[in-house]
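Structure assessment
Residues per chain, in single letters:
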Amino acid sequence: MKWPELRPQLTSRTLCRMELNFGPLSHWPASLPGVAVQGVVIAGFEQDLILNHHLDVDSIDGQKQVEEIFMSLYPQLSWGEMARLWKSAETLNWFPIASVLIRRGHKLNSHFTSLAECFLRQPLTFQNLCIHKGWGGNDLAPLQSVAGLDLRPLLDKITSSQLSKSQGVQALELAIDLLMQGQLPQEIEQDGEAWLKTLRQLRYPMSTEADELQQTQVQALQKVVPSSTQIRWVRQGDKAGLEVRLFLATPKDLLAHSQALPHIQSALEQGPWKKH
Amino acid sequence: MEKTLTTKFEHLTHFERIFINEESWDTPVADRFRRHNPAAEVIRLPAGQSQAVTTDLGPLTAEQFARSKRWVHLKAFPGSFFKRCPGFSQKKALTCCNYHVLNLGQQCNFNCSYCYLQSYLNAPTMMVYTNLDDALNELQEMARLHSQSPFRIGTGEVIDSLSLDPTTLFSRELIQFFRQLPNWTLEMKTKSALVDQFLDCEHAGNVLISWSVNTQEIIAREEHGTASQLERLAAAEKCAQRGFQIGFHIDPLIWHPNWEQGYADLVAAITSRFTPDQVGVLSVGTLRFQPEQRHMMRERFGATSHVVRAEMFSSESGKMRYDQNLRQTMYRHVRECFQKHSRDWQILMCMETPETWISQYGEQPVRIDGLRDQFKALPPTPSKLRNRQPTL
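Quantities reported herein were computed from a predicted structural model and do not represent experimental measurements.

Let us now look at the overall build of chain B. A tally of regular secondary structure across chain B gives 14 helices and 18 strands. Residues classed as buried in chain B amount to 61% of the 392 residues present. In chain B, of all internal contacts separated by at least 6 residues, the share reaching a separation of at least 24 is 77%.

And the structure:
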């Protein structure tokens with residue numbers, strides 16, 4: 001598409017009629033004016049000076065131009081920002097929200113809008129965390145199962161827990177599952193990782209118990225393996241088993257380890273390692 | 001016959017709306033849908049309209065999915081009815097049993113918490129295809145090439161084979177068609193007890209009526225709207241008495257308190273009514289689903305569901321499954337329950353990994369007497385059938 005001939009004009013923010021402030025987290029450079037289309041500010045919401053584009057926003061070409069301007073202003077937006085944008089643009093008939101969503105890999109459908117509504121009802125601090133860490137729609141899907149409940153204590157805990165993105169996503173789902181089962185502890189005093197471990201233990205009680213039992217039993221084997229060999233019980237998805245680590249200080253150590261392997265094999269077969 | 005059935009199945013007033021395409025309006029199937037659902041709103045659509053209502057692109061919300069079970073769309077299907085079971089496409093991770101499917105509609109009027117259709121369908125209505133003749137022509141084309149190969153063809157992949165059969169009466173025409181193909185097997189799989197509509201049909205001994213069965217606790221809690229365990233087994237007895245092969249799929253095995261006793265009782269209920277030679281197929285499979293499906297299940301069924309509460313992990317095939325050791329324990333338990341009764345019971349494991357087969361049987365199924373034939377490679381589907389795409 002040929003870049004349109006735009007005749008933007010610098011104007012005062014006070015002359016703009018409204019703004020599409022969807023709370024993007026990216027910082028707008030202080031030295032640049034904000035950007036508006038037809039007097040609606042779409043970027044640089046804090047700026048006094050605005051570069052206003054005059055476009056025929058009711059035409060297909062005009063909407064395409066709005067889309068291109070918007071995409072150039074916001075090369076990256078997270079799912080949470082898209083949800084906010086969709087809500088902010090609800091009253092702007094000419095804003096090409098469906099096209100912008102598609103270019104960000106989302107579809108404007110009930111699946112998106114119902115989750116967006118649910119997300120936007122949550123505390124701002126949690127919303128900002130999700131945007132900052134780049135949570136996706138699927139990560140937030142558990143919220144829809146408890147739409148009528150006050151999640152503030154839980155979401156505040158996640159927000160303040162210093163968890164990584166994947167840990168936070170796991171914590172939300174585990175905690176919502178437990179909340180629905182009536183098993184989410186009311187007292188939350190542990191730090192992030194310890195809390196996540198507790199959530200896992202409560203949500204997966206049978207597997208956790210079996211894995212912990214195996215780990216205890218496997219520790220006994222450590223006495224019969226060479227000191228530079230470490231063994232531990234690990235879970236990899238639907239399978240759990242022994243991880244054996246060998247430490248080699250010199251190439252010859254591998255030979256020594258290989259000679260010790262039959263002893264380990266024998267200890268495993270005679271030892272406490274048994275099926276769940 | 002039809003008059004008797006109409007009276008008998010008057011209770012099947014399930015649908016709120018029936019959408020009927022112009023090309024299907026005057027078909028006997030459409031006529032019966034209107035008569036069997038007198039309270040439903042009936043809407044006539046232009047010929048060829050692929051979807052009854054305009055919907056968003058992409059996955060359905062929980063609410064839209066639930067509604068799609070109450071709206072049915074009758075139309076002619078323009079694509080290929082006949083295809084391989086989805087297990088074939090995961091052959092690297094799973095052991096495939098060469099099953100083929102004939103899809104005469106999609107979506108199900110039952111409501112099982114674990115149903116994989118929740119992560120598979122994005123149409124706003126249930127669909128029933130009224131052009132059964134085209135499906136039979138397609139089978140005829142396949143039969144011209146491979147009538148001697150032991151194809152097993154099921155109609156219950158994306159729709160229950162019999163839950164609407166008193167209205168569609170597809171079973172009667174299919175049974176008639178399969179009389180000319182004694183080497184092929186037709187399998188109609190259901191969670192209903194609706195068999196009376198075809199019991200009088202003459203058949204060639206190659207029609208298998210099978211039931212997905214479970215403990216009564218699981219049926220009551222997870223398989224909403226379906227027949228009870230006793231009703232299903234009673235229907236199976238009727239079919240066996242009429243010389244139909246019968247089959248049972250104890251699938252999915254679902255962990256729940258007292259599961260061992262529940263499945264032992266189920267096995268006892270089967271073995272007390274049937275002998276191994278009466279049961280053409282006996283399969284077991286443990287709970288499994290696509291990861292994204294858990295959100296819809298949680299939203300639709302809540303924490304009282306044993307499926308929603310299950311301890312599931314990512315598996316190599318990408319699906320969520322129980323811990324491998326628990327799966328093996330469950331398989332072993334069911335197998336031992338059957339074998340306590342008779343060593344002649346042969347159990348298939350559905351969509352399982354080679355490791356699990358080896359752990360249970362010591363061998364892959366192609367090496368096991370009694371199962372070998374089902375797992376042998378079959379001729380491919382002709383490309384002109386395989387490549388025919390629906391114009392949805």
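For the bond running from Asp-251 of chain B to Pro-252 of chain B, omega is 5 degrees, close enough to zero to count as cis. With respect to the helices and strands, the residue Pro-252 of chain B is situated in strand E13 (residues 245-253). In this model, Gln-162 of chain A sits at a positive phi of 55 degrees, which is unusual for a non-glycine residue. The class for Gln-162 of chain A is exposed, based on a relative accessible area of 76%. A positive phi is found at Asn-258 of chain B, a non-glycine position, where the angle reads about 65 degrees. Along the chain, Asn-258 of chain B turns up in the loop between E13 and helix H9 (259-271).

All right, on to the sheet that holds strand E10 (residues 185-190) of chain B then. Residue and element names in this part refer to chain B. The strand order across the open sheet formed by eight strands is E4-E5-E9-E10-E11-E13-E14-E18, and the pairing between neighbours is mixed. Each of the sheet's edge strands pairs with one partner strand only, and the pair in question is strand E4 (82-84) and strand E18 (348-349). With three bridges joining them, strand E9 (residues 152-154) and E10 adopt parallel strand pairing. Counterpart to Gly-154 in the pairing with E10 is Glu-187. Taken strand by strand, helix H4 (residues 132-146) contacts E4, strand E5 (99-102) and E9, and its axis lies near 60 degrees from that of E4. Along the sheet, helix H8 (residues 229-241) contacts strand E11 (207-212) and E13; its crossing angle with E11, the most-contacted strand, is approximately 170 degrees.

Attention now moves to the pairing of strand E6 (residues 229-236) of chain A. Residue and element names in this part refer to chain A. Of the strand pairs in this sheet, E6 and strand E7 (residues 239-246) are connected by eight bridges, and their pairing is antiparallel. Paired with Trp-233 across the two strands is Leu-242, which belongs to E7. Counting the residues between successive antiparallel strands, the hairpin from E6 to E7 contains two residues, one of them, Gly-237, with a positive phi of roughly 65 degrees.

Residue and element names in this part refer to chain A. Per the domain assignment, the segments making up chain A are domain 1 (1-108), domain 2 (124-133 + 144-203) and domain 3 (206-275). With five residues of domain 1 in contact, the opposing surface of domain 2 contributes five residues. Contact between domain 1 and domain 2 buries roughly 420 Å² in total, counting both sides, with carbon and sulfur atoms accounting for 62%. In terms of surface lost to domain 2, no three residues of domain 1 exceed Leu-25, Ser-78 and Arg-84, which account for 87% of the buried area on that side. In this structure, the connection of domain 1 to domain 2 is made through zero salt bridges. Put simply, domain 1 and domain 2 have two residue pairs in polar contact (both at pLDDT 80 or more) between them.

By convention, interface size is frequently given as the accessible area that disappears when the constituent parts associate. With 32 residues of chain B at the interface, the matching set in chain A holds 28 residues. Together chain B and chain A conceal approximately 2600 Å² of surface at their shared face, both sides included; 47% is due to carbon and sulfur atoms. Across the contact surface, chain B and chain A share six salt bridges. Of the charged contacts in the structure, one is a salt bridge between Asp-238 of chain A and Arg-327 of chain B, with a shortest N-O distance of 2.7 Å. At the level of secondary structure, the elements contributing two or more residues to the side of chain B that touches chain A comprise helix H10 (293-301), strand E16 (313-314) and helix H11 (324-341) of chain B. By residue number, the principal contributor to the side of chain B that touches chain A is H11 of chain B, which donates five residues. Grouping the constituent residues of the side of chain B that touches chain A by class yields eleven nonpolar, ten polar and eleven charged.

Moving on: the sheet that holds strand E1 (residues 9-12) of chain A. Residue and element names in this part refer to chain A. Across the sheet, five strands lie side by side as E1-E5-E3-E4-E2; this open sheet has mixed pairing. Strand pairing shows two members of the sheet lacking a second neighbour, E1 and strand E2 (18-19), which therefore form its edges. Here three bridges tie strand E3 (residues 34-37) to strand E4 (residues 40-43), and the two strands are oriented antiparallel to one another. Bridge pairing in E4 links Val-35 to Ala-43. Helix H1 (residues 60-73) contacts E3, E4 and strand E5 (49-53) of the sheet and is inclined by roughly 40 degrees relative to E4.

As a further point, take the side chain of Arg-321 of chain B. All names here are of chain B. Here Arg-321 is to be found in strand E17 (residues 320-321). Of the residues examined, Arg-321 reaches a relative accessible area of 1% and is grouped as buried. Among the polar contacts made by the side chain of Arg-321, one reaches the side chain of Ser-315 at a distance of 3.4 Å.

Residue and element names in this part refer to chain A. What the rule picks out here adds up to 23 aromatic pairs over all chains. Seen from their ring centres, Phe-22 and Tyr-74 are 5.2 Å apart, and the 70 degrees between their planes marks the pair as edge-to-face. One end of the pair, Phe-22, is in the loop between E2 and E3; the other, Tyr-74, is in the loop between H1 and helix H2 (79-88), with 52 residues separating them in the sequence. Given the relative accessible area of 2%, Phe-22 is considered buried. Residue Tyr-74 is classed as buried on the basis of its relative accessible area, which comes to 4%.

As a further point, take a nonpolar patch on the surface. Nonpolar side chains collect at one region of the surface, where Val-244, Leu-246, Leu-248 and Leu-254 of chain A lie side by side and expose about 310 Å² of accessible area between them. Following the sequence through the fold, Leu-248 of chain A ends up in the loop between E7 and helix H11 (252-270).

An ideal rise of 1.5 Å per residue puts 21 Å on 15 residues; H4 of chain B measures up with 21 Å between its terminal C-alpha atoms. Those residues of H4 of chain B that fall on the buried side of the exposure criterion are Leu-132, Ala-135, Leu-136, Glu-138, Leu-139, Glu-141, Met-142, Ala-143 and His-146 of chain B.

Within the largest apolar cluster, 101 residues are counted, with the highest numbers of intra-cluster contacts made by Phe-198, Trp-211, Phe-248, Ile-250 and Ile-270 of chain B. Val-40, Met-82, Phe-126 and Ala-175 of chain A belong to the second-largest nonpolar core, a separate cluster that totals 62 residues.

Right, let's talk about the pattern of salt bridges for a bit. The final tally for this structure, using the stated rule, is 26 salt bridges over all chains. For Lys-239 of chain A, the salt bridge identified is with Glu-316 of chain B, shortest N-O distance 3.5 Å. Highlighted residues: Lys-239 of chain A in strand E7 and Glu-316 of chain B in the loop between E16 and E17, drawn from two different chains. By relative accessible area, which is 28% here, Lys-239 of chain A ends up partly exposed. You can call Glu-316 of chain B exposed: its relative accessible area is 62%. Note that Glu-223 of chain B is salt-bridged to Arg-232 of chain B, the shortest N-O span being 2.8 Å. Take Glu-223 of chain B: its relative accessible area is 1%, and that puts it in the buried class. Beyond isolated ion pairs, a larger network of salt bridges with shared partners links Glu-173, Asp-177 and Arg-203 of chain A together with Arg-294 and Arg-298 of chain B.

Residue and element names in this part refer to chain A. Taken as a whole and judged by the stated rule, the model has zero disulfides over all chains. Cys-118 carries a free sulfur, and the closest cysteine sulfur to it, the one in Cys-130, is 11 Å from it. Among the residues examined, Cys-118 registers a relative accessible area of 2% and is labelled buried.

Rules behind the numbers
- Residues numbered from 1 in each chain as written.
- Chains lettered and ligands numbered in written order.
- Predicted model: local features only at pLDDT ≥ 70, side-chain atom pairs only at ≥ 80, totals over all residues.
- Heavy atoms only, no water.
- Helix = DSSP H or I, 4+ residues; strand = E, 2+ residues; numbered from the N terminus.
- Buried < 20%, exposed > 50% of the residue type's maximum accessible area, 1.4 Å probe, protein only.
- Contact = heavy atoms within 4.5 Å.
- Pairing = 2+ DSSP bridges.
- Axes fitted to C-alpha atoms, helices over the stretch in contact; angles between N-to-C directions.
- Domains from an automatic or database assignment.
- Buried area = accessible area lost by both parts, 1.4 Å probe.
- Salt bridge = Lys/Arg side-chain N within 4 Å of Asp/Glu carboxyl O.
- Polar contact = N/O pair within 3.5 Å; in protein donor to acceptor, adjacent residues only side chain to side chain.
- Nonpolar A, V, L, I, M, F, W, Y, C, P; charged D, E, K, R; others polar.
- Phe/Tyr/Trp six-rings, centres within 6.5 Å; stacked < 30°, edge-to-face > 60°.
- Patch = residues over 30% accessible without salt bridge, like charges linked within 9 Å, V, L, I, M, F, W, Y side chains within 5 Å.
- Areas by Shrake-Rupley, 256 points an atom, 1.4 Å probe, with all protein chains shown as cover.
- Expected span 1.5 Å × (residues − 1).
- Core = buried A, V, L, I, M, F, W, Y, C linked by side-chain atoms within 4.5 Å.
- Disulfide = S-S within 2.5 Å.

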